Amino acid sequence: MTVLARSELAGVAVPQRRRRPGGQVSWSSLLYLAPALLFFGLFVVYPIVTSIQTSFYVYDGLTPATPAGLSNYLAVFTDPDLRAALGHSLVLLVFYAALPVCIGLVLAGAMSRIRVYGLTFFRAALFLPQILSTVVVAVAWRGLLASDGPVNWVLRHIGLGGWATSWLGNFDTALPSIGVIGTWVEYGLCMVLFLAGIVTIDRSLYEAARLDGAGPVREFFAITLPALRPQISIALILTITFALRNFDIIWNTTRGGPGTSTTVPSLFVYLDAFQNRQLGQASAIAVVLTVIIFLVVTVVQLLLRERRDTPRRARGRGRTS
């Protein structure tokens, strides 16, 4: 008895799906994707292709471009200032990616267990730095970390006046200070991602762990942390990308100073493109930075991907001879 016959006996009409002969795709449905594909091609693909092409030329944006071969890329890898800037970006990865993920895990684990009045308000307040404009964040923190700012005022009034300094103007503290700003911005995003992941964890796992005598810390490391592997991967991808392409916070706080202690590759992209009029060099730096971001993100995905150890079944299994 067919499905249609059974449905007719039950008094329910089941519409049959119409299929094109040979499994052909309905090209008219692709028209719905045309606006998005046009936007993506015009504002994403075309600029990327143009940047790659420009990176092989000496071009100032006004005079005709002249071929440069690989000289722009050689300059990227041989310039000591650019190598130092890349080292600064790697240091910022600790503040922009590692610390926010750790803080987000701690906050999410605590909030998933604590039941207090107004917890929703605290969640929104902790996420607030993520939705603020980075320019506003940079200007606000520049005032907080100034020589006569609130941070030094508090240090002087609690007996730690010897620690007071120009945080963004000191060669030793400028880069860590920018890192602290990035941590403050990013930890809220990680916290929200982890809270969303904790909601999906089966509660029976925690009940079984409690019956076995596991405490909150053991529950976190045995159940919560392994279950949050997809969310941790997403959080690291977002924060690492933000760290490596970071520009606006540095530009609005130190502009790469004092000296070159807080320079990053994206800062050189801006300076070469809009001040030094070396568009070919700026494009080469941008291409190299994009490749580095892609490689780092790929490594993170490979390390945190879910391993599915499912044995292969023989094709002939289940067949009758």
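Being a predicted model, the structure only gives us computed values, none of them experimental.

Draft legend 1. Just the overall build of the protein, in detail. Assigned secondary structure in the protein consists of 14 helices and two strands. Accessible area for the protein stands at about 20,700 Å²; split by element, carbon and sulfur atoms hold 66% of it.

Draft legend 2. Region of interest: the pattern of salt bridges. Following the criterion strictly, the structure yields two salt bridges and no others. Here Arg113 and Glu219 are joined by a salt bridge, their closest N and O atoms 2.7 Å apart. Placement of Arg113 in the loop between α4 (80–111) and α5 (119–131) and of Glu219 in helix α10 (residues 216–227) is noted, with a sequence separation of 106 residues between them. Residue Arg113 is classed as partly exposed on the basis of its relative accessible area of 42%. Here Glu219 ties to Arg210 by a salt bridge, and the two come within 3.3 Å at their closest N and O atoms. The class of Glu219 is buried, set by a relative accessible area of 2%. Via salt bridges that share partners, Arg113, Arg210 and Glu219 belong to a single interconnected network.

Draft legend 3. Spatial organisation of the packing of aromatic side chains. Taken as a whole and judged by the stated rule, the model has 10 aromatic pairs. With 5.2 Å between their ring centres and 45° between their planes, Phe247 and Tyr270 make a pair best called tilted. Of this pair, Phe247 sits in the loop between α11 (229–244) and α12 (248–251) while Tyr270 sits in helix α13 (residues 265–275); the two residues are 23 residues apart in sequence, bridging distant segments of the chain. Its relative accessible area of 22% is what places Phe247 among the partly exposed residues. On the accessibility criterion, Tyr270 (27% relative accessible area) is partly exposed.

Draft legend 4. Summary view of a nonpolar patch on the surface. A contiguous nonpolar surface patch, about 470 Å² in accessible area, is contributed by Ile48, Ile52, Phe56, Leu70 and Leu74. Assessed through its relative accessible area of 38%, Ile52 is described here as partly exposed.

Cut-offs applied
Residues numbered from 1 in each chain as written. Predicted model: local features only at pLDDT ≥ 70, side-chain atom pairs only at ≥ 80, totals over all residues. Heavy atoms only, no water. Helix = DSSP H or I, 4+ residues; strand = E, 2+ residues; numbered from the N terminus. Areas by Shrake-Rupley, 256 points an atom, 1.4 Å probe, with all protein chains shown as cover. Salt bridge = Lys/Arg side-chain N within 4 Å of Asp/Glu carboxyl O. Buried < 20%, exposed > 50% of the residue type's maximum accessible area, 1.4 Å probe, protein only. Phe/Tyr/Trp six-rings, centres within 6.5 Å; stacked < 30°, edge-to-face > 60°. Patch = residues over 30% accessible without salt bridge, like charges linked within 9 Å, V, L, I, M, F, W, Y side chains within 5 Å.

Bear in mind that shape data such as this cannot, by itself, settle questions of function.
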